[in-house]
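# Secondary and tertiary structure notes
Read off the chains here:
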Amino acid sequence: MDAKQLSNISVIAISILAAFLVALWIGIVFWVLRDIRSRSRDPFVVILAGLVALVLPIFGVVIYRILRPTQTIEEKYLSALEEETLIQEIERRPKCPGCGREVQADWILCPACHTKIMKKCVKCGNVLELPWMLCPYCGSPQQKTSPSDTIR
Ligand SMILES: [Zn+2]
Ligand SMILES: [Zn+2]
């Protein structure tokens, strides 16, 4: 192997490496553009992220990963939805008519002020609302009860 052959091989090796790096660079630019579009709808932010990846080949992506918004738009939407559900759940929780304390839907008495909240079916034992005259579970007739009635 003479010097000419050696230099030929190194030229080929360098070309392959260069081609690989360029492909990687282009791939990174496209990845950054796709990634930022899932995180921001602001066209200025998208262009800026694309420029960082374009101007600083390969290292730009490191900077981008540090600076990018941590949540994608979808993640933001999901966490907002979760929060909404949580708030609704808190609001939907029944309150004691006597003291306003939060109570469970299947409690028949308020543990704080002993007000009657619900009643139990005389036959099947399911929890019923106080004004109900009929058990929706087993159909047996019930006595109308008011919260001030004594506990039986
Ligand atoms: Zn109460
Ligand atoms: Zn019943």
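Reading the values: rules and limits
Residues numbered from 1 in each chain as written. Chains lettered and ligands numbered in written order. Predicted model: local features only at pLDDT ≥ 70, side-chain atom pairs only at ≥ 80, totals over all residues. Heavy atoms only, no water. Helix = DSSP H or I, 4+ residues; strand = E, 2+ residues; numbered from the N terminus. Rg over C-alpha atoms; globule rule 2.2 N^0.38 Å. Buried < 20%, exposed > 50% of the residue type's maximum accessible area, 1.4 Å probe, protein only. Areas by Shrake-Rupley, 256 points an atom, 1.4 Å probe, with all protein chains shown as cover. Donors = N, O, S within 2.8 Å, 3.2 Å for Na, K, Ca; no water. Tetrahedral: all angles 85-135°; square planar, octahedral: opposite > 155°, others 65-115°. Domains from an automatic or database assignment. Core = buried A, V, L, I, M, F, W, Y, C linked by side-chain atoms within 4.5 Å. Contact = heavy atoms within 4.5 Å. Phe/Tyr/Trp six-rings, centres within 6.5 Å; stacked < 30°, edge-to-face > 60°. Salt bridge = Lys/Arg side-chain N within 4 Å of Asp/Glu carboxyl O.

### As for the overall build of the protein chain
For the protein chain, the count of helices and strands is four helices and two strands. Relative to the globule expectation of 15 Å for 152 residues, the C-alpha radius of gyration of the protein chain, 34 Å, shows a markedly less compact shape. Counting only C-alpha atoms, the protein chain reaches 110 × 35 × 25 Å along its principal axes. Among the 152 residues that make up the protein chain, the fraction classed as buried is 21%. Carbon and sulfur atoms form 65% of the exposed surface of the protein chain, whose accessible area is close to 11,400 Å².

### Notes on the coordination of the zinc ion (ligand 2)
Each protein donor to the zinc ion (ligand 2) is listed here as Cys121 (SG), Cys124 (SG), Cys135 (SG) and Cys138 (SG); together their distances run 2.2 to 2.3 Å. Around the zinc ion (ligand 2) sit four donor atoms, and with donor-metal-donor angles ranging over 107 to 116 degrees the site reads as tetrahedral. Here the donor residues of the zinc ion (ligand 2) share one chain and are spaced in sequence as C-x2-C-x10-C-x2-C. Of this pair, Cys124 sits in the loop between β1 (118-120) and β2 (127-129) while Cys135 sits in the segment after β2, and the two are eleven residues apart along the sequence.

### Some words on the domain arrangement of the protein chain
Here the protein chain is partitioned into domain 1 (3-74) and domain 2 (107-152). Placing the centre of domain 1 and that of domain 2 at their C-alpha centroids yields a distance of 68 Å.

### A short note on the nonpolar core
Counting nine residues, the largest nonpolar core is built from Ile28, Val29, Val32, Ile36, Val46, Ala49, Ala53, Val61 and Tyr64. Elements with a contribution of two residues or more to this core: α1 (3-37), α2 (43-55) and α3 (59-67). Top element by residues in this core is α1. It accounts for four residues. If near-sequence neighbours (up to four positions away) are discounted, Tyr64 is found in contact with Trp31, Val32, Asp35, Ile36, Arg39 and Ala49. Membership of the second largest hydrophobic core comes to five residues, among which are Cys96, Val103, Cys110 and Ile117.

### Let's talk about the coordination of the zinc ion (ligand 1)
Protein-derived coordination of the zinc ion (ligand 1) comes from Cys96 (SG), Cys99 (SG), Cys110 (SG) and Cys113 (SG), at a distance range of 2.2 to 2.3 Å. All donors to the zinc ion (ligand 1) come from one chain, and their sequence spacing reads C-x2-C-x10-C-x2-C.

### A short note on the packing of aromatic side chains
Each aromatic ring pair is described using two quantities: the centre-to-centre distance and the angle formed by the ring planes. Tallied over the entire structure, the rule returns one aromatic pair. Where Trp31 meets Tyr64, the ring centres are 6.1 Å apart and the plane angle is 90 degrees; that geometry is what we call edge-to-face. Remark: Tyr64 occurs in helix α3 and Trp31 occurs in helix α1; sequence separation between them is 33 residues. Exposure remark for Tyr64: the relative accessible area of 4% places this residue in the buried category.

### Quick look at the pattern of salt bridges
Two side chains bearing opposite charge may form a pair once their charged atoms approach each other closely. Using the criterion set out here, one finds two salt bridges in the structure. One salt bridge in this structure joins Asp35 and Arg39, with 2.8 Å as the shortest N-O distance. One exposure class covers both Asp35 and Arg39, and it is buried. Between Arg68 and Asp35 there is a salt bridge, with the nearest N and O atoms lying 3.0 Å from each other. Note that Arg68 is positioned in the loop between α3 and α4 (73-92) and Asp35 in helix α1, a separation of 33 residues in sequence. For the pair Arg68 and Asp35, one class covers both residues: buried.

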